Amino acid sequence: MNMQVKIGIGYDIHRFVPGRKLVLGGVDVPHSKGLSGYSDADIIIHAVCDAILGALGEGDIGLHFPDTDPKYKDISSLKLLKKVQGMLEKKHFKVGNIDVMLLLEAPKIAFFKDRMRSNISKILKIAAAQVSINATTAEGIGEIGRGKAAAAYAVALISKK
Ligand SMILES: [Zn+2]
């Protein structure tokens, strides 16, 4: 079956730790702690990469960018997204839209959303209006609610060029 339109879902979660920058959607967001991880731990970009890879049927981010490979240590996740975009182009697909749902107790990200959307849309060669980012809290429930971690879901629609 040669599908012209495909959909994918991505999910990522990282723990908050002191002494790290908080990078979300390629933006340094001022906060008292950051997310731990091998790369810059950008959960938004990781979820978006996984959504696109899932739509392509190309496995996941851990398969393509293993955290055992020193070249991905502290790498900006935007560079990983660029590689995923390259895979998309190679298969003659383009992104229709991306929708991201961020789960975190703090900080508020409303002020940074437009920059995040712009970072993502530039790499995917689409308009910022095709990238949606929303955030919600966990209402104090569980690890995310206690501010111990942050998570992101993303869906991606891709279509044949
Ligand atoms: Zn991640």
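Every value quoted in this text rests on a predicted model; they were computed, and no experiment measured them. (Residues numbered from 1 in each chain as written. Predicted model: local features only at pLDDT ≥ 70, side-chain atom pairs only at ≥ 80, totals over all residues. Heavy atoms only, no water.)

Undergrad: Please set out the pattern of salt bridges residue by residue, giving values where relevant.
TA: With the rule as written, the count across this model stands at eight salt bridges. The salt bridge partner of Lys 125 is Glu 89, with a shortest N-O separation of 2.9 Å. Residue Lys 125 is found in the loop between helix 4 (113–124) and strand 6 (131–136), and its partner Glu 89 is found in helix 3 (residues 77–90); the two are separated by 36 residues along the sequence. Relative accessible area serves as the criterion here: at 61%, Lys 125 is assigned to the exposed category. (Salt bridge = Lys/Arg side-chain N within 4 Å of Asp/Glu carboxyl O. Helix = DSSP H or I, 4+ residues; strand = E, 2+ residues; numbered from the N terminus. Buried < 20%, exposed > 50% of the residue type's maximum accessible area, 1.4 Å probe, protein only.)

Undergrad: Give me the lowdown on helix 4, citing residues and values where you can.
TA: Compared with the 16 Å implied by 1.5 Å per residue over twelve residues, the 17 Å span of helix 4 between its first and last C-alpha is a close match. Of the positions making up helix 4, those classed as buried are Met 116, Ile 120, Ser 121, Ile 123 and Leu 124. Seen end-on, helix 4 carries its buried residues on one side only, within an arc spanning 165°. With respect to the buried face of helix 4, the exposed residues turned more than 90 degrees away are Asp 114 and Lys 122. Contacts from the buried residues of helix 4 go to strand 2 (23–24), strand 3 (27–28), helix 1 (43–56), helix 3, strand 5 (93–103) and strand 6. Lys 125 sits one or two positions beyond helix 4 and adopts a positive phi of about 55°. (Expected span 1.5 Å × (residues − 1). Arc of directions from axis to C-beta. Contact = heavy atoms within 4.5 Å.)

Undergrad: An account of the packing of aromatic side chains is requested, with residue identities and associated values reported.
TA: This model, assessed by the stated rule, comprises three aromatic pairs. Here the aromatic rings of Phe 65 and Tyr 72 are separated by 5.4 Å at their centres, their planes lie at 80°, and the arrangement is edge-to-face. Assessed through its relative accessible area of 9%, Phe 65 is described here as buried. Judged by centre distance (5.2 Å) and plane angle (90°), the rings of Phe 111 and Phe 112 are edge-to-face. Take Phe 112: its relative accessible area is 12%, and that puts it in the buried class. Directly above the ring of Phe 16 sits Lys 33, whose terminal nitrogen or CZ lies 5.5 Å from the centroid. (Phe/Tyr/Trp six-rings, centres within 6.5 Å; stacked < 30°, edge-to-face > 60°. Lys NZ or Arg CZ within 6 Å of the ring centre and 35° of its normal.)

Undergrad: Residues and numbers for unusual backbone geometry, please.
TA: Of note, the bond from Ala 106 into Pro 107 is cis; its omega dihedral lies within 30 degrees of zero at 0°. Looking at the secondary structure, you find Pro 107 in the loop between strand 5 and helix 4. Its identity is not glycine, yet Ala 41 carries a phi of approximately 60°, on the positive side. Among the secondary structure elements, Ala 41 is positioned in the loop between strand 4 (33–35) and helix 1. A relative accessible area of 0% means that Ala 41 is categorised as buried. Notably, His 92 is not glycine yet its phi reads approximately 65°, a positive angle.

Undergrad: Can you tell me about the packing of helix 3 against helix 4, naming the residues and giving the values?
TA: Close contact between helix 3 and helix 4 brings their axes to 9 Å; oriented N to C, the two are set at 35°. Like other packed secondary-structure pairs, helix 3 and helix 4 cross with a definite hand, here right-handed. Note on element contacts: helix 4 touches helix 3 through Asn 119, Ile 120, Ile 123 and Leu 124, opposite Leu 78, Leu 81, Lys 82 and Gln 85. Partitioned by chemical class, the residues of the contact of helix 3 with helix 4 number five nonpolar, two polar and one charged. (Axes fitted to C-alpha atoms, helices over the stretch in contact; angles between N-to-C directions. Left-handed = near helix turned anticlockwise from the far one by under 90°. Nonpolar A, V, L, I, M, F, W, Y, C, P; charged D, E, K, R; others polar.)

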